[in-house]
Amino acid sequence: MRRGWVVFFLGLHIVTAIFLLSLILDFHFVDPSLLNDLRKSSDRDVLNVAVQIGRLDFVSAILAMFGILTGLAAIFGFIEVRNRAEDRARITAIEIAGKIARSEAREEVRRSLPAIVAREMLSGRAKFFSEESASDSDTQNLMSKLDEGGESK
Amino acid sequence: MRESELSFVDERLKSAPIDVVGIIKELGVKYEESPLAPGVDGRIDFDGSDYKITVNSEQSQQRRNFTAAHELEHYLLHRDLLEERGHLDRLFDAPGRQGPAKPISPSHEAQANKLAVQMLMPRQAILNEMVWQDYDLAKIARMFVVSPEAMEIRLKTLGIDLNHERSQKQKQAVRA
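Report on the accompanying structure.

Analysis parameters
- Residues numbered from 1 in each chain as written.
- Chains lettered and ligands numbered in written order.
- Predicted model: local features only at pLDDT ≥ 70, side-chain atom pairs only at ≥ 80, totals over all residues.
- Heavy atoms only, no water.
- Contact = heavy atoms within 4.5 Å.
- Buried area = accessible area lost by both parts, 1.4 Å probe.
- Salt bridge = Lys/Arg side-chain N within 4 Å of Asp/Glu carboxyl O.
- Helix = DSSP H or I, 4+ residues; strand = E, 2+ residues; numbered from the N terminus.
- Nonpolar A, V, L, I, M, F, W, Y, C, P; charged D, E, K, R; others polar.
- Buried < 20%, exposed > 50% of the residue type's maximum accessible area, 1.4 Å probe, protein only.

1. Let's talk about the interface of chain A and chain B
Each partner contributes to the interface: chain A provides 31 residues, whereas chain B provides 46 residues. Here chain A packs against chain B, burying approximately 3,500 Å² in sum over the two surfaces, 60% of which is carbon and sulfur. Where chain A packs against chain B, one counts 0 salt bridges. Of all the secondary structure elements, the ones that give two or more residues to the side of chain A that touches chain B are α4 (55-123) and α5 (136-144) of chain A. Top contributing element to the side of chain A that touches chain B by residue count: α4 of chain A, with 9 residues. Taken together, the residues of the side of chain A that touches chain B sort by class into 11 nonpolar, 8 polar and 12 charged.

And the structure:
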C-alpha cells in the first residue's frame, strides 16, 4: 500500500476513535422523560419498551454504519488485493521472462552459431572441404551439364 | 547437434560415391523427394525445431543429388537466415532471373552452389578414385553420379589432367 494511504487511514482511525469516545461519553442512551412515561404505562412488554426508549432506532443506526463500513472495506480491500496481485504478477513475469529469454537465446546460439562461423570462415581466408575455388561461371556451366548424356531418373 | 558438423561432413567426402542423402539424414535433417511445382528444384524448411529438405522427384538423379547438396549447404551455412516460411530454390531453370527470397541473397546461393559442387565431387575423392578407375573420365563420372561433361569441368577447375596423371603413373611404374 502507498505510504500516503497508510497515513490517511491512520488519521481516519484516530478521528473515528475520538468521535466514538466523545459520543459514548456525551450520548444520552435513554431520555429520562421517556423512562418516566414508560414507568407510568401499563403496557410494558420488551418490544414496547425498546420502541419507546429508542433502542430499535439505535440498533438500526449501528447496522447501517456496519453496512457502510463493510462496503468501504470491500472497495478498499478490492483495490489492495488488485494492487498486490499486479505486483506479484509483474515480479513473476519478470522472473519467468528472464528464464525463457536465456533459454531461447541459448537455443538460438546453438542453432545459428555454427552456420555463422562457417560462413564467416568461407568469406575469409580459412577454407574447409577443399582448397580450390571455382568461378561462378564454371559452377553454372557444370550445373547445366550435370545430367548431360541423359542418365535416367 | 553434433559437436562439429563440418568435420563430420568432411569425413564423409573422402571417397566415392558421395551419399548426400545419408549425410543429410545423419545430421538429423529430414529428407523427402516429392513432386514440386514446375521449375522448383528443392526447398528447405524450418518449423521452429526441425529442418526438412525436399527435392523435386521429377528431376534426374544427378540434379536431385546436386539439389540435395545445395540444400544441405544452406543448412550448414545459412540456417540462421532461414525463417519459418522456408526457402525455395530454382537452380537449373533460368538461373539468375529471379533472386532468392530475403534474407538469402544471390551470393549465398552462389556459395551454396560452389560448395555443392565440391561436395558432389570432392578433390580428394577424385584423386583417389581416378587411380582406381584407371583415369577413365566416364568411369570416374559414373562413380560420382554425374555426367562426363560435368566431371570434365570439375577436373579442369581442380587443375587435374587425366592424361598427364596417367602418363606420370606409367612412368613411375616403369621406374619401379
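And the narrative resumes.
2. Brief notes about the pattern of salt bridges
Two side chains of opposite charge can pair, provided their charged atoms sit close to one another. Residues and elements named next belong to chain B. The full count for this structure, using the stated rule, is 10 salt bridges over all chains. With a closest N to O distance of 2.3 Å, R12 and E26 form a salt bridge. Pair noted here: R12 is in the loop between α1 (5-11) and α2 (20-26) and E26 is in helix α2, with a separation of 14 residues, a long-range link. In this structure E26 comes out as partly exposed when scored by relative accessible area, which is 38%.

3. Looking at the environment of A150 of chain B
On the secondary structure map, A150 of chain B appears in helix α7 (residues 148-158). Taking the C-alpha atoms as reference points, A150 of chain B and M121 of chain B, separated by 29 residues in sequence, lie 9.7 Å from one another. Setting aside anything within four residues of it in sequence, one finds A150 of chain B in contact with L142, K145 and L146 of chain A together with M121 of chain B.

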